[in-house]
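Structural overview
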Amino acid sequence: MIAPALRITAVCALGAALAACGTAGTPGPARPAHAKPAASPSASRTPVLAPGPGGLTPVFEHGPRTLGKTVALTFDADMTADQGPRAASGEHFDNPDLIGTLRTLKVPATVFMTGRWADQYQAQARSLGQDPQFEVANHSYSHYAFTSDCYGLPTVEPDQMRKDVERAYAAFRKAGVPHPLPYFRFPGGCYDRQALRALSGVGVTAVQWDVVSGDAFATDADAVVRQVLDGVKPGSVVVMHCTRSAAPTTEQVVRTVVPQLRKQGYRFVKVSELIGETNGHR
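Residues numbered from 1 in each chain as written. Predicted model: local features only at pLDDT ≥ 70, side-chain atom pairs only at ≥ 80, totals over all residues. Heavy atoms only, no water.

Helix and strand counts for the protein come out as nine helices and nine strands. Burial statistics for the protein: of 282 residues in total, 56% are counted as buried. In the protein, of all internal contacts separated by at least 6 residues, the share reaching a separation of at least 24 is 83%. (Helix = DSSP H or I, 4+ residues; strand = E, 2+ residues; numbered from the N terminus. Buried < 20%, exposed > 50% of the residue type's maximum accessible area, 1.4 Å probe, protein only. Contact = heavy atoms within 4.5 Å.)

What follows is about the nonpolar core. Soluble, globular proteins show a tendency: their nonpolar side chains are buried together. One finds Phe75, Met113, Trp117, Phe146 and Phe186 to be the most contacted residues of the largest nonpolar core, which totals 61 residues. Per-element accounting of this core gives the leading share, seven residues, to helix H5 (residues 161-175). Within the second largest apolar cluster, 16 residues are counted, among which are Leu49, Ala72, Tyr183 and Val239. (Core = buried A, V, L, I, M, F, W, Y, C linked by side-chain atoms within 4.5 Å.)

Turning our eyes to something else, we now look at H5. For H5, which comprises 15 residues, the first-to-last C-alpha distance of 22 Å matches the rise-based estimate of 21 Å (1.5 Å per residue) to within 8%. Among the residues making up H5, those that are buried are Met161, Asp164, Val165, Glu166, Ala168, Tyr169, Ala171, Phe172 and Ala175. Buried residues belonging to H5 abut strand E3 (109-113), helix H3 (115-120), helix H4 (122-129), strand E4 (134-138), strand E5 (183-184) and helix H6 (193-198). Directly after H5, the chain includes Gly176, whose backbone phi takes a positive value near 95°. (Expected span 1.5 Å × (residues − 1).)

This part covers the state of the cysteines. For the coordinates displayed, the defined rule picks out one disulfide. Covalent S-S linkage joins Cys150 and Cys190, the inter-sulfur distance amounting to 2.1 Å. Note on the Cys150 and Cys190 pair: the S-S dihedral is about 75°, so by sign convention the disulfide is right-handed. Here Cys150, found in the loop between E4 and H5, pairs with Cys190, found in the loop between E5 and H6; they are 40 residues apart in sequence, far enough to count as distant. (Disulfide = S-S within 2.5 Å.)

Scanning the entire structure with this criterion turns up eight salt bridges. Ionic pairing is found between Arg65 and Asp210, a salt bridge with its closest N-O pair at 3.0 Å. Placement of the pair is Arg65 in the loop between strand E1 (59-60) and strand E2 (70-77) and Asp210 in the loop between strand E6 (205-207) and strand E7 (211-212), with a sequence separation of 145 residues. A relative accessible area of 32% means that Arg65 is categorised as partly exposed. Between Arg162 and Glu166 there is a salt bridge whose closest N-O contact spans 3.0 Å. Here Arg162 pairs with Glu166, and both are found in helix H5, just four residues apart, close to one helical turn. By relative accessible area, Arg162 is classed as partly exposed at 32%. (Salt bridge = Lys/Arg side-chain N within 4 Å of Asp/Glu carboxyl O.)

Here we take up the confidence of the model for the protein. Put simply, the protein has an average pLDDT of 87, and 83% of its residues get 70 or more. Scored below 50 in pLDDT, residues 1-20 shows 82 contacts in the model against residues more than four places distant or in partner chains. Low pLDDT (under 50) marks residues 24-38, which in the prediction has 26 contacts with non-local residues, meaning those over four places away or in another chain. (pLDDT = per-residue confidence, 0-100.)

Next comes the structure, spelled out in structure tokens:
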């Protein structure tokens, strides 16, 4: 899905209003996720990819195809910086039922969370971050685009890109997420060489996907199920969303997809496991 200019975009219409997932948890003390730099993640003990040519931020799309049937379900929690009034008026940018279903089915997952969402749902962010079944990664603070033409999203200026990512990590710490991972997903999946260069000093691996679920704004769960099942291969990363307003079919999709993939012999893993396998088999 990478164009010649190192640009990747999602096949589905993500738009500015895609939102998030979570489940309420018992508040606990916040612990620093790292020591230094203050607003960036620690890569210690977490698999990451080596920087690309010229030190560019590395990009990960899927794991090895030859190491057995593993698949990573990922969920974008992408509340944008300007959606506070919508949340205040009652719109729900979370989906506790979906997270409950993942827990019931014992499916590990990686949640790419915006800092704005963590600010809005601190207890839920903390619950996800403290649950070993999940790993929390960075989806920017604002969910503004890192390129100029990304599904109509507002854009982040190049000199503000690093600050936006670091602000998200600060929001995770404030919410009590103990160990957010050094993985970053570009809003809308949109990036170019300038964006990769802007984040080169943050120490993150950019995580994309090779399977677009199509759950964003979908009303036909069966169609989403077919798209996922048709796309999954060994080592796949599936991008999904969890929100009660913009991705209403996702829980139903998960309830169908998980047992079917297990019948096919697939094992569900987190993104970190796929990256670790990739590092060992280059």
